[in-house]
Structure formats: C-alpha cells, structure tokens
Amino acid sequence: MSTPQARTDELAHRLRAVRERLSRACTAAGRGVEEVTLVAITKTYPASDAAILRGLGIVDVGESREPEASGKALELAGGDPPLRWHFVGQIQSRKAKTIAGYAYAVHSLDRAEVADRLAVARPAELGPLAVLIQVSLDGDTTRGGLLPADVAALAGHVEGLDRLRLAGVMAVAPRAADPDESFARLHAVSEDLRRDHPEAVAISAGMSGDLEQAVKNGATHVRVGSALLGARQP
Ligand SMILES: *Cc1c(COP(=O)(O)O)cnc(C)c1O
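Residues numbered from 1 in each chain as written. Predicted model: local features only at pLDDT ≥ 70, side-chain atom pairs only at ≥ 80, totals over all residues. Heavy atoms only, no water.

Draft legend 1. Representation of the site of the ligand within the structure. Every residue near the ligand is listed here: Ile41, Lys43, Val88, Met170, Met207, Ser208, Arg223, Val224, Gly225, Ser226 and Arg232. Lys43 places a polar side-chain atom, nitrogen or oxygen, 2.7 Å from an oxygen atom of the ligand. Burial of the ligand by the protein chains amounts to 87% of its free accessible area of 390 Å². Of the residues belonging to the shell around the ligand, the class tally is 5 nonpolar, 3 polar and 3 charged. (Near = heavy atom within 4 Å. Polar contact = N/O pair within 3.5 Å; in protein donor to acceptor, adjacent residues only side chain to side chain. Areas by Shrake-Rupley, 256 points an atom, 1.4 Å probe, with all protein chains shown as cover. Nonpolar A, V, L, I, M, F, W, Y, C, P; charged D, E, K, R; others polar.)

Draft legend 2. Here's a closer look at helix α6 (residues 151–159). Of the positions making up α6, those classed as buried are Val151, Leu154, Ala155 and Val158. Along the axis of α6, the buried positions cluster into a sector of 105 degrees, meaning they face one direction only. Of the residues in α6, the exposed ones pointing more than 90 degrees away from the buried face are Ala152 and Ala153. Buried residues belonging to α6 abut β4 (105–109), α5 (112–121), β5 (129–134), β6 (164–170) and α7 (179–196). (Buried < 20%, exposed > 50% of the residue type's maximum accessible area, 1.4 Å probe, protein only. Helix = DSSP H or I, 4+ residues; strand = E, 2+ residues; numbered from the N terminus. Arc of directions from axis to C-beta. Contact = heavy atoms within 4.5 Å.)

Draft legend 3. Inspection of the packing of α5 against α6 at higher detail. The contact between α5 and α6 brings their axes to 10 Å, and the two run at 20 degrees. In this view, α5 runs roughly parallel relative to α6, as classed from their interaxial angle. The two elements α5 and α6 meet at a crossing, and its hand is right-handed. Note on element contacts: α6 touches α5 through Leu154, His157 and Val158, opposite Ala112, Ala115 and Asp116. In terms of residue class, the contact of α5 with α6 is built from 4 nonpolar, 1 polar and 1 charged. (Axes fitted to C-alpha atoms, helices over the stretch in contact; angles between N-to-C directions. Parallel < 35°, antiparallel > 145°, perpendicular 65-115°, else oblique. Left-handed = near helix turned anticlockwise from the far one by under 90°.)

Draft legend 4. Main features of the pattern of salt bridges. Per the stated rule, a full pass over the model turns up 15 salt bridges. Between Arg7 and Asp49 there is a salt bridge, with its nearest N and O atoms 2.7 Å apart. In this pair, Arg7 sits in helix α1 (residues 4–29) while Asp49 sits in helix α2 (residues 47–55), placing the two residues 42 residues apart along the sequence. Each member of the pair Arg7 and Asp49 is classed as buried. Glu181 is paired through a salt bridge with Arg185; the nearest N and O atoms lie 3.8 Å apart. Taken together, the residues Glu181 and Arg185, both in helix α7 and 4 residues apart, mark about one turn of the helix. The exposure class of Arg185 is partly exposed, given its relative accessible area of 35%. Connected via shared salt-bridge partners are Arg7, Glu10, Arg14 and Asp49. (Salt bridge = Lys/Arg side-chain N within 4 Å of Asp/Glu carboxyl O.)

Now the structure itself:
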C-alpha cells in the first residue's frame, strides 16, 4: 500500500502528463485547451483517489458501474469544490433511479426506456440531468450505443422530457478500427444531430489510448482512466 502522500505525488505526476498530452493535442488541432473537459474515470479505484484528484483541480469524475458510482458520490458528497459525477457505463433500467439522484451527466444513454426512468427519478432541485446519446460505431450494439441512424429518434424523445437536457453524443472507439477514422464518424453524427438540436454540442470521445485522435475530431469531453490512475486489475 502506498502512503497517501506517495499516491498524491503519483496522481499529480500522471495528471500533469495527461494535461500535457491534451494541451499538445489542442495546439495541433488549433483548438483552445479550455474547449476540452477532462473527465477522470475513477472506476475500480477508491473514493480517496477521487478526493486526491479533486485536490489537484479535477472537478469532473466518471464511473461506469452501480453501486460503485453512487457509493463514491455519497462518500465524497459535501466536499469542496463539489465533484460532478459522469456516468459512462451501460445502464440497467433498475439502476436509472439511483443514477438520476447524484449524476451531473449520463454519457451512455441508448434507450428511450432509460431516458424515461432517469427523467421521472431526477430530483427537481438538482436541475436537468445532461444526457449524451451513445453511438455504436461498429454496429455491435451489445456493447452499448445506438446505430447512427437511430440517434435522431432518441434525441427527439429526450427533448420531450423536462428533467433531461440533451447535451450531445458519446462513443468508444471500436478496438479493431483506426480511432481517427472512428471519431471522424462520430463528429459527423454530431453535426447531423446539431442540425435539429443546436444545443447538443458535446462530443464525448477519447480515452487514455486515443485522446489525441478524439481532440483532433472535435471532442469536448475526454474520459481518461488508466493514464491518470494506473492500469486497472482485469
Ligand atoms: C473505463 C472507461 C474509460 C476510461 O478508459 P481508459 O482506457 O482507462 O482511459 C472511458 N470510457 C468508458 C465508457 C469506460 O468504461
């Protein structure tokens, strides 16, 4: 076990390296670094790591599973500054109610039924829940996400739900494909969506291994886990 100070030093070092990568990618793309939000994906790591990252200036943290996510959100609630929890994993319908109770954003919406459940459960005092529609770029929707052709219908459905705010699109680059080409396709899906929903500007793309290609293709959010926290146990 590392000491808390050693872990803080390690996370500070890793965060600096990720910020440098982001900054270089933004410069190469002719974009401002403030255009891209770094979401630290803390799954499998303890809440204490998210607290350390908060101390290092991270506000946006992401998780992919319940009850791990709500457990950490509860543990760190009331801290300063407040963390914004992004849910990025596949959502089982029966977990939607819990997620609506603490999340700032859901990146992985791919079903109208889940949208309905999130909207019903969203406490009014938290304000609308930002939702991004997850797009499957290789047609394998078993790993989450909708086919590009089905995005418009779900977007229209979300628009009818008061407590949700349609924020944009999200994708995970298919393993077998070139991420640059995959994220270019996600960007095209985003352009189509924005024609009918101009406010849905978010593009959540890019992880530890491909954040440069995501930034090049217009990502507004990168979801970085292992580069910040270390390799996860399989
Ligand atoms: C785990 C996860 C990430 C982070 O992946 P890394 O390769 O560790 O950066 C990003 N997005 C989703 C949806 C994830 O499940």
